[in-house]
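Structural features, examined
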Amino acid sequence: MANARINMPATAKRGEIIEIKTLVQHTMETGFRRSYLGVPLARDIINRFVCTYNGVEICRVELHPSISANPYLAFSTVATESGTLVFNWSGDNGFTATESASISVV
Amino acid sequence: MIIDTPKISRRSFIIGSAAIGSGLALGMNIPFGPRVARAADGSPEVTAWVVIRPDDTVVIRIARSEMGQGTLTGLAQMCAEELECDWSKVTTEYPTPGQSVARKRAWGDFSTGGSRGIRESHEYVRKGGATARVMLVQAAADAWKVPAAECSVANSVITHGPSGRKTTFGAVAEAASRITPPKDVPLKDPKTWKLIGKPIKRLDTTDKLTGKQIYGADLTLPGMLNATIKECPVFGGKVKSFDAAKVAGMKGVKKVVQVGDTAVAVIADTWWQAKTALDALPIVWDEGENAKVSSASIADLLKAGLDADQAFVGNQNGDAKTAIAGAAKRVEAVYAYPYQNHAAMEPMNATARYTADKCEVWCGTQNGEAAFAATLTASGLPADKCEVYKLLLGGGFGRRGAFHDYVRQAVLVAKQMPGVPVKLLWTREEDMTQGRYHPVTQCKLVGGFDAGNNLTGLHMRISGQSILTAVRPEALKDGADPATFQGVVPSGEFEFGYSVPNLLIDHAMRNPHVPPGFWRGVNINQNAIYIECFMDELAQAAGQDALEFRRKLMAKHPKHLAVLNAVAERAGWGKPAPQGVFRGLAQMKAFNSYVAACAEISVSGDNKVKIQRIVCATDPGYAVNPAQIERQIAGSFVYGLSAVFDQECTVKNGRIEQTNFNTYNSMRIAQMPKVEAIVMPSGGFWGGVGEPTICVAAPAVLNAYFAATGKRIRSFPLKNHGIALV
Amino acid sequence: MKHGSRRQFLAASGGLAIGAVLPTRAAAQLARVPPNNMPDVIRKLVGPAPIKPGKVKIGLPPLVENGNLVPLSISVESPMTEADHVKAIHVFTEKNPLPETVSFYLGPRAGRADIATRIRLADTQTVVAIAQLSDGSFWSDSTHVIVTLAACLEEL
């Protein structure tokens, strides 16, 4: 299971806009490189990220090879209610990673 | 619209110029011409390249870095040539990279490497001077209400022919700076050059001789602290732990800080206190896998590549393998070239001062913009809050161009002492063991002859490290590193000087963990040894004179041949040498210049080599300052010959063993041979000067050594064979 | 984007200073890596609608030492209400092997149209960000980044 990290506040006031920062471990092999023996290195990237907030999609990202290794994605959301945010990454070769974080909205 | 008079301060210089940049580009209609940009003392810029003071002093802006190679003077000469100013009143200044960013790179590229300083900026630097001249003349003509075409200019004096009226640059600079710069001012015909091509004295010598010149390591700022640093000696390893408490009480120690994942630094009042504490600091390293690597394991890795099936092709025509397989006579040799360090006289250093509002760095660098980029990244601040002030470098040689690890470290250290300038200066040991090394390679060369002793095939297989894979992987071409083939490619700046009917030059890439870098000359150093020594081996096998053998292969390479013939003739090749003196030749094209050398040496009974004289010829297309070129030739020989005689960096337990000059020696004045330089610019192209000649001294000496002793040396440095330079 | 229109791009974003007489050869070296088909890809995404400069602000350092890990932030002026919000932010590069870099799909729940990531830049080049708004309009910003390490290796 890949290493993923979420950075977001654990509590927020209702209606407050919070920043969410995510980081996931992945080499993001572009598919344009060749090894020192001239062998093409196959593309192997994360191409999709989805964040849901109590089941509702609040952010979706399409990633391409130009995203650096260990993709960092940051975005905002309105703290509407207490609950769970679920973060899901998927990509080539069946790669998936999931993280979740709770938020308490007062 | 009201035009403000810009305040005389550097801050407003930046603001004013940024406003001008955008004002002009947006086509804003500003009456009386554009706002005037000013230098810090209020003197007007006539163009971004030229500031003129009321006393007629001309300040020429130089973007590239002076590191002893004379580029500062050369660029100023070119600008001054077109400007038609009084050379005795010329001085120079470095715009900062922050100003460059703010003014959308008004001075072009700052990077100084690849022997490009003159040849890539000559056109726009000259244009900068020419444009300023036209504006100055126009200003005078406007004041006199005469046509500009009736005015002439020389030595900062503008004269109106018909009336005899005169004025000087200083008097009209203000008015000139308000004129919209004309586009496409024609440049002078090289035949009319008065300054370019003359052996003018350098602008930076006096301060260096009097000790007034400040280098990065000399810098002092009010309230400054000093620091030194240790990075994990095994490349790729990390800091596991360190015990700051053990040194915290030592005299002068202010802080012990970890820098990134891989290094620890001590900040103290004085540098000696910082170094003493760092030496005493217990540090536990997580050395990682690379701790197992040694020179022997690297050599094994490279050896396997000499016969590997797969290799990247750099030059090919015909079918070398078949030609060689069917040859009447076959000659084979294997050469090896070690890791080497830049070993600049001034160890890596940078001074940084960080606050949340501003990060400033003072350092010697070959590329002000790259130092600035490193500052931005390490500080986390935006460009308008950062600045880098370039100081002269005590040696660049490629260490301070592509790598700004010392800038990044200095900023990270300074961040731990906000508001306080901190000078981070490496120890010699750190400088020797945290280099960016000349890459390690081996080379197998095989030549085939027909029954008539004609060369029918040549295969040069290089096995070893790629610089670009580590430093700039985006520049690889389908995985291949084109830089590996410098000096032996089919065409261009590094064109191979021989026509061989069946040729294959290829590279089996093998990358050890030692970080590679661009060492003066880069890959021409070993490629010239490989090919020029092997050419001699082939000549010998064919029973032919080394010069004649080469000439037969160079009919299609007239400029390569011209420099080779020039050194041969000057050295008296073909005529008997004095008793006990033996000669050797070498030639190559590199960085777009054609270079050749003939060395004359004598060898005493116990293998002591005295280089009596080296004749060197270079054709760089144009010669801006011939005296400077001669000095660069001699200087490059000091570097290149020291390397081949005495310098290698060996690896044990994953780390570099040589920590100081006791095990990494350099040539002394008494050992320096007489160098006779033939500067023979043939015109029509611009070739480099800083690097090309470095590669021909060693093979010329090695070929002379064979002539003297009958022994071929194929691995280096020579000290490993008991051969010493005297 | 053709070489000529790149100059227009630069000029439009406040670009060429006095005395900057970069002759064709030097400019050609700065454009050493050939551009990709970014304009076609953008046009395909956007369709016939006009792309208006404005509302979008790209945050990128003006120069970087090497292009492997370049921090990128984008913010779009928008109330992010149900009626008026940013639906997507698309990023393109002029000279990477593929022009498409990343697309963020947002909505009124974002609160702010502010995103950040880290990108790879193969060479000195222009980066373009296009915001697609809920009313069907497209807005853009572009910025130029110098990759300083590229300069060391020009002739290879």
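These numbers come from a predicted model, not from an experiment. (Residues numbered from 1 in each chain as written. Chains lettered and ligands numbered in written order. Predicted model: local features only at pLDDT ≥ 70, side-chain atom pairs only at ≥ 80, totals over all residues. Heavy atoms only, no water.)

A closer look at the overall build of chain A
Secondary structure assignment for chain A yields zero helices and eight strands. If you list the helices and strands of chain A from N to C, you get β-β-β-β-β-β-β-β. For chain A, the residues scored as buried account for 46% of the 106 residues in total. Summing over all exposed atoms, chain A offers an accessible surface of approximately 5,000 Å²; the carbon and sulfur share of this is 48%. (Helix = DSSP H or I, 4+ residues; strand = E, 2+ residues; numbered from the N terminus. Buried < 20%, exposed > 50% of the residue type's maximum accessible area, 1.4 Å probe, protein only. Areas by Shrake-Rupley, 256 points an atom, 1.4 Å probe, with all protein chains shown as cover.)

Re the overall build of chain C
Counting secondary structure elements, chain C contains three helices and nine strands. When the helices and strands of chain C are read in sequence order from the N terminus, they spell out α-α-α-β-β-β-β-β-β-β-β-β. Across the 156 residues that make up chain C, the buried fraction comes to 55%. By sequence separation, contacts in chain C at least 24 residues apart represent 66% of the contacts at least 6 residues apart. Of the accessible surface of chain C, which amounts to about 6,100 Å², a share of 58% is contributed by carbon and sulfur atoms. (Contact = heavy atoms within 4.5 Å.)

Quick look at the pairing of strand 8 (residues 95-105) of chain A
Look at any regular strand and the pattern is simple: side chains alternate between the two faces of the sheet. All names here are of chain A. Looking at chain direction, strand 2 (residues 11-12) and strand 8 are connected through two bridges and run parallel. Each bridged residue has a counterpart across the sheet, and for T11 the counterpart in strand 8 is S104. By the bridge criterion, nine bridges tie strand 7 (residues 83-91) to strand 8 in an arrangement that is antiparallel. Bridge pairing links S90 to T96 in strand 8. (Pairing = 2+ DSSP bridges.)

Some words on the packing of aromatic side chains
In this structure the tally under the stated criterion is 20 aromatic pairs over all chains. Measuring from ring centre to ring centre gives 6.1 Å for B:F235 and B:Y437, while their planes differ by 65°; the resulting arrangement is edge-to-face. Remark: B:Y437 occurs in the loop between helix 13 (428-433) and strand 19 (441-449) and B:F235 occurs in the loop between strand 8 (225-231) and strand 9 (238-242); sequence separation between them is 202 residues. The burial state of B:F235 is the same as that of B:Y437; both residues are buried. Judged by centre distance (4.2 Å) and plane angle (20°), the rings of B:F397 and B:Y639 are stacked. Linking B:F397 in the loop between strand 17 (386-391) and helix 12 (405-414) with B:Y639 in helix 18 (residues 626-646), this pair joins segments that are 242 residues apart in sequence. Residue B:F397 is classed as partly exposed on the basis of its relative accessible area of 24%. Feature note: the residues A:F49, A:F75, A:F87 and A:W89 constitute an aromatic cluster, connected by ring pairs. Its end group placed over the ring of B:F706, B:R712 keeps NZ or CZ at 3.6 Å from the ring centre. The residue whose ring lies beneath C:R109 is A:Y53, and the NZ or CZ to ring-centre distance is 4.9 Å. (Phe/Tyr/Trp six-rings, centres within 6.5 Å; stacked < 30°, edge-to-face > 60°. Lys NZ or Arg CZ within 6 Å of the ring centre and 35° of its normal.)

Topic: the interface of chain A and chain B
Quite often, the size of an interface is put as the accessible area lost when its parts meet. Across the contact, five residues belong to chain A and seven residues belong to chain B. Summed over both partners, the interface of chain A with chain B comes to about 520 Å²; 57% of that surface belongs to carbon and sulfur atoms. Applying the counting rule to chain A against chain B returns one salt bridge. Among the salt bridges present, the one from B:D478 reaches A:R34, with a minimum N-O distance of 3.7 Å. Where chain A packs against chain B, one counts one residue pair in polar contact (both at pLDDT 80 or more). Taken together, the residues of the side of chain A that touches chain B sort by class into two nonpolar, two polar and one charged. (Buried area = accessible area lost by both parts, 1.4 Å probe. Salt bridge = Lys/Arg side-chain N within 4 Å of Asp/Glu carboxyl O. Polar contact = N/O pair within 3.5 Å; in protein donor to acceptor, adjacent residues only side chain to side chain. Nonpolar A, V, L, I, M, F, W, Y, C, P; charged D, E, K, R; others polar.)

Side note on the pattern of salt bridges
Residue and element names in this part refer to chain C. Counted according to the given criterion, the structure contains 49 salt bridges over all chains. Note that R112 and D114 form a salt bridge whose closest N and O atoms lie 3.6 Å from each other. Under the relative-accessibility criterion, R112 is labelled partly exposed at 33%.

Details of helix 11 (residues 368-379) of chain B
All names here are of chain B. With 12 residues, helix 11 should reach 16 Å at 1.5 Å per residue; the first-to-last C-alpha distance of 16 Å fits that figure. Burial analysis of helix 11 places 11 of its 12 residues in the buried class, the great majority of the element. Residues of helix 11 that are buried: G368, E369, A370, A371, F372, A373, A374, T375, L376, A378 and S379. For helix 11, the capping residue at the N-terminal end is N367, with a side-chain oxygen 3.1 Å from the backbone nitrogen of E369. A positive phi of about 75° marks G380, the residue just after helix 11. (Expected span 1.5 Å × (residues − 1).)

Quick look at the confidence of the model for chain C
Segments scoring low in pLDDT should not have their predicted coordinates read at a detailed level. All names here are of chain C. Of the residues in chain C, 74% have a pLDDT of 70 or more, and the chain-wide mean is 81. The low-confidence segment residues 1-31, where pLDDT is below 50, has 61 contacts with residues more than four positions distant or belonging to other chains. Predicted complex metrics record ipTM = 0.96 and pTM = 0.88. (pLDDT = per-residue confidence, 0-100.)

Details of the packing of helix 15 (residues 524-541) of chain B against helix 16 (residues 546-553) of chain B
Residue and element names in this part refer to chain B. Two elements in contact, helix 15 and helix 16, have axes whose closest approach is 9 Å; the angle formed by their N-to-C orientations is 105°. Classified by the interaxial angle, the pair formed by helix 15 and helix 16 is roughly perpendicular. Here E532, M535, D536, L538 and A539 of helix 15 lie close against helix 16, whose contacting residues are A546, F549, R550 and L553. Of the residues belonging to the contact of helix 15 with helix 16, the class tally is six nonpolar, no polar and three charged. (Axes fitted to C-alpha atoms, helices over the stretch in contact; angles between N-to-C directions. Parallel < 35°, antiparallel > 145°, perpendicular 65-115°, else oblique.)

Thoughts on the sheet that holds strand 4 (residues 90-93) of chain B
Two pairing modes exist for strands in a sheet, parallel and antiparallel, and in both the strands are linked by backbone hydrogen bonds. Residues and elements named next belong to chain B. Across the sheet, which stays open at both edges, the four strands sit in the order 1-2-3-4 with mixed pairing between neighbours. The two strands at the open ends of the sheet, each matched to only one other strand, are strand 1 (45-47) and strand 4. Each adjacent strand pair in this sheet contributes to an overall mean axis angle of 30°, direction not counted. Where strand 1 and strand 2 (residues 50-52) come together, two bridges link them in antiparallel fashion. Looking across to strand 2, one finds that T47 is bridged to V50.

Topic: the pairing of strand 17 of chain B
Residues and elements named next belong to chain B. Along strand 17, six of the six residues are buried, which leaves the element largely enclosed by surrounding structure. Side chains C386, V388 and K390 of strand 17 all project onto a buried face; the interleaved residues E387, Y389 and L391 project onto the opposite face, where all are buried too. The sheet contact formed by strand 16 (residues 359-364) and strand 17 spans six bridges and is parallel. Paired with C359 across the bridge in strand 17 is C386. A crossover connection joins strand 16 to the parallel strand 17 through helix 11; in handedness this β-α-β unit is right-handed. (Right-handed = clockwise from strand over helix to strand, strands pointing away.)

A word on the nonpolar core
Core analysis: the largest hydrophobic core is formed by 116 residues, its most contacted members being B:L641 and B:F645. Ignoring sequence-local partners within four residues, the contact set of B:F645 consists of B:V609, B:I611, B:V701, B:P717, B:L718, B:K719, B:I723, B:A724 and B:L725. Judged by nonpolar contacts, the second largest core, of 55 residues, contains A:A4, A:M28, A:C51 and C:V76. (Core = buried A, V, L, I, M, F, W, Y, C linked by side-chain atoms within 4.5 Å.)

Side note on unusual backbone geometry
Residues and elements named next belong to chain B. Residue P717 is bonded to the preceding F716 through a cis peptide linkage, with omega at 10°. Along the polypeptide, P717 turns up in the loop between helix 19 (694-709) and strand 28 (724-725). Residue D56 is not a glycine yet carries a positive backbone phi of 75°. You can see D56 is positioned in the loop between strand 2 and strand 3 (58-61).

Digging into the sheet that holds strand 21 (residues 503-509) of chain B
Residue and element names in this part refer to chain B. One open sheet accounts for five strands, arranged 13-21-20-19-14; its pairing is mixed. Each edge of the sheet is formed by a strand with only one pairing partner; in this case those strands are strand 13 (312-317) and strand 14 (329-337). Sheet twist, expressed as the average angle between the axes of neighbouring strands with direction ignored, equals 10°. Pairing between strand 14 and strand 19: nine bridges, direction antiparallel. When the bridges of strand 19 are listed, R330 appears paired with G448. Running over the sheet, helix 15 touches strand 14, strand 19 and strand 20 (455-464) and is turned about 155° from strand 14.

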